[in-house]
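# Per-entry structural report
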Amino acid sequence: AVLITSGTSGTPKPVVLSRSAIRAATGATHARLGGPGDWVLALPSHYVAGFMGHARAGVAGTQLRSVRTDLADLAETATGDRCYLSLVSTQLVRAGQNPEVWRALRELDAVLLGGGSVDQALITRARAAGIPLVSTYGLTETCGGVVYDGWPLDGVTVELDAENRIILGGPTLFSGYRLLGELTAESMIDGRLRTADRGRWHDGDLQVLGRVDDVIVSGGLTIDLAAVEKVVRAWAG
């Protein structure tokens, strides 16, 4: 498959994902979640989170069920022995404003949340309500999320370099950027992906702090824009 990145680090890039990488990511996800199940599709299929819903159901031979992006029809769609859903943070924020959708999320076996930073208070609220939320980290180049609740999936390696840049390895990595050999060589070091994200280890869990280019120097001070954003999000009103 060739998927286009979301372009958060600049111009969107065509990412080549091999059959073996897709299968490895699918198997590792199901192993972590407790086994294959049906998948609910609430995201565009041309981005990696939506595409992997198709892949996981296809590899496992289970059903793929589509719902509206606002999840308004989730209650009547997500039924079965095991059922999983992938969301981005904006969808979870809006779901929290709809009691019916909030209740429907509780009936799922796992709700994978990724695609960017999320307010920790929202995660806490969702889990307190009984929603089986799994916070994920990954990229299009890794077939989507490969770190679940701070723990790498089976076969995935995570390292931090001298500037705390996250380095990812394992069988879920992409084959390269299509027709962009130089960019591929810059991103892949010794068979591992050099991401643009910063992280740290906390009690054995990976915490993603933000992007490498989120750090600026102003007035002689090094300022972490991701930390600033976290404070602003918590500001009342």
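What you see is a predicted model; the values in this text were computed from it and never measured.

Attention shifts here to unusual backbone geometry. If a residue is not glycine, its phi is most likely negative; likewise, a peptide bond is most likely trans. For Cys143, which is not glycine, the phi dihedral falls at a positive 60°. In this structure, Cys143 sits in the loop between strand S7 (133–139) and strand S8 (144–148). By relative accessible area, which is 1% here, Cys143 ends up buried. Unlike most non-glycine residues, Asp203 shows phi in positive territory, near 55°. By secondary structure assignment, the location of Asp203 is in the loop between strand S14 (192–202) and strand S15 (205–211). Taking the relative accessible area as the measure of exposure, Asp203 reaches 71% and is therefore exposed.

A few words on the sheet that holds strand S2 (residues 14–16). Taken in spatial order, the three strands make up an open sheet running S1-S2-S12, and their pairing is antiparallel. Of all the strands in the sheet, just strand S1 (2–4) and strand S12 (176–177) have a single pairing partner and so form its edges.

Looking now at helix H5 (residues 99–106). An α-helical turn contains 3.6 residues, so any two residues separated by three or four positions project in the same direction. Within H5 the residues assigned to the buried category are Val101, Trp102, Ala104 and Leu105. Each buried residue of H5 lies within a common arc of 160° when the element is viewed along its axis, so the set occupies one face. N-cap assignment for H5: the residue whose side-chain oxygen lies 3.1 Å from the backbone N of Glu100 is Asn98.

What follows deals with empty space enclosed by the protein. Scanning the model with the defined rule gives one cavity of 30 Å³ or more in all. Broken down by secondary-structure element, the contributors of at least two residues to the lining of the largest cavity are strand S3 (38–41) and helix H2 (48–60). Classifying every residue of the lining of the largest cavity by side-chain character gives six nonpolar, three polar and no charged.

The next point concerns the pattern of salt bridges. Counting across every chain of the model gives 10 salt bridges. Across the salt bridge formed by Arg165 and Glu163, the nearest N and O atoms sit 3.1 Å from each other. For Arg165, a relative accessible area of 11% translates into the label buried. The partner of Arg194 in a salt bridge is Glu163, with the nearest N and O atoms 3.9 Å apart. One end of the pair, Arg194, is in strand S14; the other, Glu163, is in the loop between strand S10 (157–160) and strand S11 (165–169), and 31 residues separate them in sequence. A single network of salt bridges, built from pairs that share partners, joins Asp161, Glu163, Arg165 and Arg194.

What counts and what doesn't
- Residues numbered from 1 in each chain as written.
- Predicted model: local features only at pLDDT ≥ 70, side-chain atom pairs only at ≥ 80, totals over all residues.
- Heavy atoms only, no water.
- Helix = DSSP H or I, 4+ residues; strand = E, 2+ residues; numbered from the N terminus.
- Buried < 20%, exposed > 50% of the residue type's maximum accessible area, 1.4 Å probe, protein only.
- Pairing = 2+ DSSP bridges.
- Arc of directions from axis to C-beta.
- Polar contact = N/O pair within 3.5 Å; in protein donor to acceptor, adjacent residues only side chain to side chain.
- 1 Å grid on protein atoms, 1.4 Å probe; cavity = no way out; pocket = protein on both sides within 12 Å on 5 of 7 lines; lining within 4 Å.
- Points joined across faces, edges and corners; volume = space filled by probe spheres on them.
- Nonpolar A, V, L, I, M, F, W, Y, C, P; charged D, E, K, R; others polar.
- Salt bridge = Lys/Arg side-chain N within 4 Å of Asp/Glu carboxyl O.

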